[in-house]
Amino acid sequence: MAQKTLAFTASAQTFATVPEHKKMKPRSINIIDVAAGAKVLTFTDVFTTDASAGASAATVTNTWLKVYCPGSGVNIEKTKSALEGIELLGAVKVTSDVADATSYVTLAYDLE
């Protein structure tokens with residue numbers, strides 16, 4: 001199992017990009033929100049479809065989870081059972097509506 005930790009930023013940050021012919025399965029998400037003020041984290045999967053007969057390649061952004069963080073001193077954990085059935089195909093990203101370099105989110109995942 002791999003994992004990556006990122007600080008809250010208002011621009012999308014990438015946890016990982018899923019290799020072609022693989023799927024990412026998130027196993028846990030741990031959010032440590034230490035700053036005051038509510039925030040919303042948006043988790044997305046950004047992938048490009050293959051071009052086929054009569055259709056060109058297209059970039060698709062799929063929001064697969066939004067988490068409300070009420071503020072200061074809150075830890076939020078999403079476990080494997082809460083993430084069951086989620087399969088991601090492209091660049092797996094997170095964005096916060098409020099930047100905060102003192103708060104962090106960790107995504108643990110498997111590639112299959």
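Note: the structure precedes this text.
Residues numbered from 1 in each chain as written. Predicted model: local features only at pLDDT ≥ 70, side-chain atom pairs only at ≥ 80, totals over all residues. Heavy atoms only, no water.

(A) Local environment of the overall build of the protein chain. Across its full length, the protein chain holds one helix and eight strands. Written out in order from the N terminus, the α and β elements of the protein chain read β-β-β-β-β-β-α-β-β. Principal axes of the C-alpha set define a box for the protein chain whose edges measure 50 × 25 × 20 Å. Considering the protein chain as a whole, with its 112 residues, one finds that 37% of them fall into the buried category. Accessible surface for the protein chain amounts to roughly 6,100 Å². Of this, 51% is attributable to carbon and sulfur atoms. (Helix = DSSP H or I, 4+ residues; strand = E, 2+ residues; numbered from the N terminus. Buried < 20%, exposed > 50% of the residue type's maximum accessible area, 1.4 Å probe, protein only. Areas by Shrake-Rupley, 256 points an atom, 1.4 Å probe, with all protein chains shown as cover.)

(B) Layout of unusual backbone geometry. For His21, which is not glycine, the phi torsion reads 70 degrees and is therefore positive. Looking at where His21 falls in the secondary structure, it is placed in the loop between strand E2 (13–17) and strand E3 (24–33).

(C) Seen up close, the sheet that holds strand E5 (residues 59–69). Pairing is antiparallel across the open sheet formed by four strands, whose spatial order is E2-E7-E4-E5. Unpaired on one side and paired on the other, E2 and E5 mark the two borders of the sheet. Strand after strand, the sheet turns through a mean of 20 degrees between neighbouring axes, direction not considered. The pairing of strand E4 (residues 39–48) with strand E7 (residues 91–96) spans six bridges and is classified as antiparallel. Note that in E7 the partner of Phe43 across the bridge is Val94. (Pairing = 2+ DSSP bridges. Axes fitted to C-alpha atoms, helices over the stretch in contact; angles between N-to-C directions.)

(D) Examining the environment of Ser72 more closely. Relative to the helices and strands, Ser72 resides in the loop between E5 and strand E6 (74–78). Apart from residues lying up to four places away in sequence, Ser72 is in contact with Asp33, Val34, Ala35 and Ala36. (Contact = heavy atoms within 4.5 Å.)

(E) Geometry of the sheet that holds strand E8 (residues 100–111). Spatial strand order, E1-E8-E3-E6: four strands in an open sheet with antiparallel pairing. Two strands close off the open sheet at either side, each with one partner strand: strand E1 (2–8) and E6. Each strand axis lies, on average, 15 degrees off the axis of its neighbour in the sheet, ignoring direction.

(F) Inspection of the nonpolar core at higher detail. If you look at the biggest cluster of nonpolar residues, it comprises 23 residues, and the most contacted ones within it are Ile29, Ile31, Phe43, Trp64 and Val105. Only E1, E2, E3, E4, E5, E7 and E8 provide two or more residues apiece to this core. The greatest single-element share of this core, amounting to four residues, is contributed by E5. For Ile29, the residues in contact, after removing those within four places along its chain, are Phe43, Trp64, Leu65, Ile76, Glu77, Lys78, Leu83, Val105, Thr106 and Leu107. (Core = buried A, V, L, I, M, F, W, Y, C linked by side-chain atoms within 4.5 Å.)

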